[in-house]
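Read off the chains here:
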Amino acid sequence: MTNSTSTPSYQGSMLMIVAPSGAGKSSLVNALLKDDQGLKLSLSTTTRAPRPGEVDGKDYRFLAKEDFLQERDQGHFLEWAEVHGHFYGTSKPWIESQMQAGSDVMLEIDWQGAQQIRKLIPSVQWIFIFPPSIEALEERLRKRGQDDEATIERRLAAAHIELTHAHEADYIVVNDSFDQALVDLKHILASSRLRSGPSMARNPALLKRLGV
Ligand code: 5GP
């Protein structure tokens with residue numbers, strides 16, 4: 001994996017979005033994907049139960065814990081982590097096929113997964129989404145009405161830990177104004193596409209003509 005991804009022949013960009021639960025990360029990612037057909041979102045596998053309205057194969061690939069652990073032991077995941085008492089992982093075959101196709105890929109993962117991916121793929125761009133305040137985070141968690149009180153408390157405690165990893169990210173986007181945060185994400189995506197590696201890999205004929 002490391003070889004196939006760190007070579008200049010990889011034409012795409014890889015972005016990781018990390019944020020505490022309730023920072024509004026999923027809404028931002030969905031808006032970004034809607035406006036950008038070239039960007040593909042990695043479908044994570046999880047052992048947590050689907051929330052009301054979540055669809056298997058669309059929001060997550062929902063697996064029983066034994067099946068997840070079996071796939072993990074078979075090397076199916078590029079990264080995996082235990083988050084809020086459940087397992088989550090990124091499909092290695094999917095990422096490899098997207099990278100071979102030169103697609104731009106986005107991962108919505110936690111800080112533990114982000115650290116693992118950065119070791120494997122150093123060119124990855126890590127974006128951290130800040131909520132405007134802890135109060136706003138708590139309000140969003142409660143408003144979505146999908147989790148019980150114990151789960152909300154667990155997620156708030158985890159949010160503090162997640163936030164201590166913000167300095168490891170390449171970019172920080174504050175989700176105070178949704179529209180501004182979306183513009184910021186679009187700028188980051190555009191700039192990551194212009195990085196010399198992906199740019200040069202996308203323009204082999206021009207490089208030849210320029211004698212580079
Ligand atoms: P939720 O259960 O609210 O959908 O997600 C809980 C946390 O798990 C979020 O921080 C989310 O980013 C993270 N997560 C989702 N998919 C993955 C994954 O494939 N790998 C890792 N490491 N974290 C994930």
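Within each chain, residues carry numbers counting from 1 in the order of the written sequence. Where local features are concerned, this predicted model is filtered to residues with pLDDT of at least 70; where side-chain atom pairs are given and counted, the filter is 80 or more; whole-chain, interface and lining totals use all residues. Side-chain figures throughout are based on the complete set of non-hydrogen atoms in the structure, without hydrogens or water.

Engineer: Explain the UniProt feature "binding site: ATP" (unreviewed entry) in the protein here, please?
Structural biologist: UniProt positions are given in the numbering used here, feature names are shortened, and annotations may be inferred rather than shown by experiment. Sites flagged by UniProt as "binding site: ATP" (unreviewed entry) map to Ala 19, Pro 20, Ser 21, Gly 22, Ala 23, Gly 24, Lys 25 and Ser 26. Checked against the lining of the largest pocket, the annotated residues just named reduce to Ala 19, Pro 20, Ser 21, Gly 22, Ala 23, Gly 24, Lys 25 and Ser 26. Labels follow the DSSP assignment, with helices taken as runs of H or I lasting at least four residues and strands as runs of E lasting at least two, numbered in each case from the N terminus. Mapped onto the fold, Ala 19 is located in the loop between strand E1 (14-18) and helix H2 (25-35). Here Ala 19 is in contact with Lys 25, Phe 128, Ile 129 and Glu 162, once residues within four sequence places are set aside. Checked against the element boundaries, Gly 24 lands in the loop between E1 and H2. Whether two residues are in contact is decided by their heavy atoms: any pair within 4.5 Å suffices. With near-sequence residues (within four places) excluded, Gly 24 lies in contact with Arg 140 and Asn 175. Only protein atoms enter the calculation, which uses a 1 Å grid: trapped sets of points that fit a 1.4 Å probe without letting it out are cavities, open sets showing protein on both sides within 12 Å along at least five of seven lines are pockets, and any residue with an atom within 4 Å of a point is a lining residue.

Engineer: Is there a simple way to explain the sheet that holds E1 in this structure?
Structural biologist: Across a sheet, paired strands are connected by hydrogen bonds in the backbone, their directions being either parallel or antiparallel. If DSSP finds at least two bridges between two strands, the strands pair. Taken together, five strands build an open sheet; the order of strands is E2-E7-E1-E8-E9 and the sheet is parallel. In the strand order of this sheet, the two ends are held by strand E2 (39-41) and strand E9 (171-174), each with one partner. Taking each pair of neighbouring strands and ignoring which way they run, the sheet shows an average axis angle of 25 degrees. Sheet topology note: the E1/strand E7 (residues 104-108) ladder contains four bridges and is parallel. Across the sheet, Leu 15 pairs through a bridge with Met 106, a residue of E7. In the packing of helix H5 (residues 111-120) onto the sheet, contacts are made with E1, E7 and strand E8 (125-130), and the angle to E1 comes to roughly 160 degrees. Between the N-to-C directions of two axes lies an angle of 0 to 180 degrees, each axis being a line fitted to C-alpha atoms and, for a helix, fitted only over the stretch in contact.

Engineer: I would appreciate a short explanation of a nonpolar patch on the surface in the present structure.
Structural biologist: A cluster of nonpolar side chains, Met 200, Leu 206, Leu 210 and Val 212, forms an exposed patch at the surface whose accessible area comes to about 390 Å². Note that Leu 206 resides in helix H10 (residues 204-210). Patch definition: residues above 30% relative accessible area lacking any salt bridge, with like charges linked at up to 9 Å and the nonpolar side chains Val, Leu, Ile, Met, Phe, Trp and Tyr linked at up to 5 Å. Using a 1.4 Å probe, accessible areas were evaluated by the Shrake-Rupley method; residue-level cover was limited to the displayed protein chains. Between Lys or Arg on one side and Asp or Glu on the other, a salt bridge is scored when a side-chain nitrogen of the former is within 4 Å of a carboxyl oxygen of the latter.

Engineer: Looking at this structure, how should I read H5?
Structural biologist: The α-helix winds at 3.6 residues per turn, so residues separated by three or four positions along the chain end up facing the same way. Remark: exposure states derive from per-residue accessible area (1.4 Å probe, protein chains only) relative to the maximum for the residue type, with buried under 20%, exposed over 50%, and partly exposed in between. For H5, every residue scored as buried is listed here: Trp 111, Gly 113, Ala 114 and Ile 117. When H5 is viewed along its axis, its buried side chains cluster within an angular range of 150 degrees and face the same direction. As for H5, its buried residues are in contact with E1, strand E5 (77-83), E7, E8 and helix H7 (149-163). Of all possible arcs, the one meant is that of the directions from the helix axis to the C-beta atoms.

Engineer: I'm lost on the site of the ligand in this one. Help?
Structural biologist: Throughout this document, a residue counts as near a molecule or strand when at least one of its heavy atoms sits within 4 Å of that molecule or strand. The local shell around the ligand holds 17 residues, among which Lys 25, Ser 44, Arg 48, Tyr 60 and Tyr 88 are the closest. Whenever two N or O atoms come within 3.5 Å, that pair is a polar contact, provided that in protein one can donate a hydrogen and the other can accept it, and provided that, for residues adjacent in sequence, both atoms are side-chain atoms. Taking Lys 25, its side chain carries an N or O atom lying 2.6 Å from an oxygen atom of the ligand. Within the side chain of Arg 155, a nitrogen or oxygen atom sits 2.7 Å from an oxygen atom of the ligand. Protein burial of the ligand: of its 510 Å² of free accessible surface, 94% is covered by the chains. Put simply, the parts of the chain that give the shell around the ligand at least two residues each are E5 and strand E6 (86-91). The nonpolar class holds Ala, Val, Leu, Ile, Met, Phe, Trp, Tyr, Cys and Pro. Asp, Glu, Lys and Arg form the charged class, and all remaining residues, Gly among them, are polar. Considering only residue class, the shell around the ligand consists of five nonpolar, five polar and seven charged.

Engineer: How do you make sense of the pairing of E7 when you look at a structure like this?
Structural biologist: Looking along a regular strand, one sees side chains alternate from face to face of the sheet. By the criterion of burial, E7 is predominantly enclosed, with four of the five residues buried. Relative to E7, E2 runs parallel, the two sharing three bridges. Note that in E7 the partner of Leu 41 across the bridge is Met 106.

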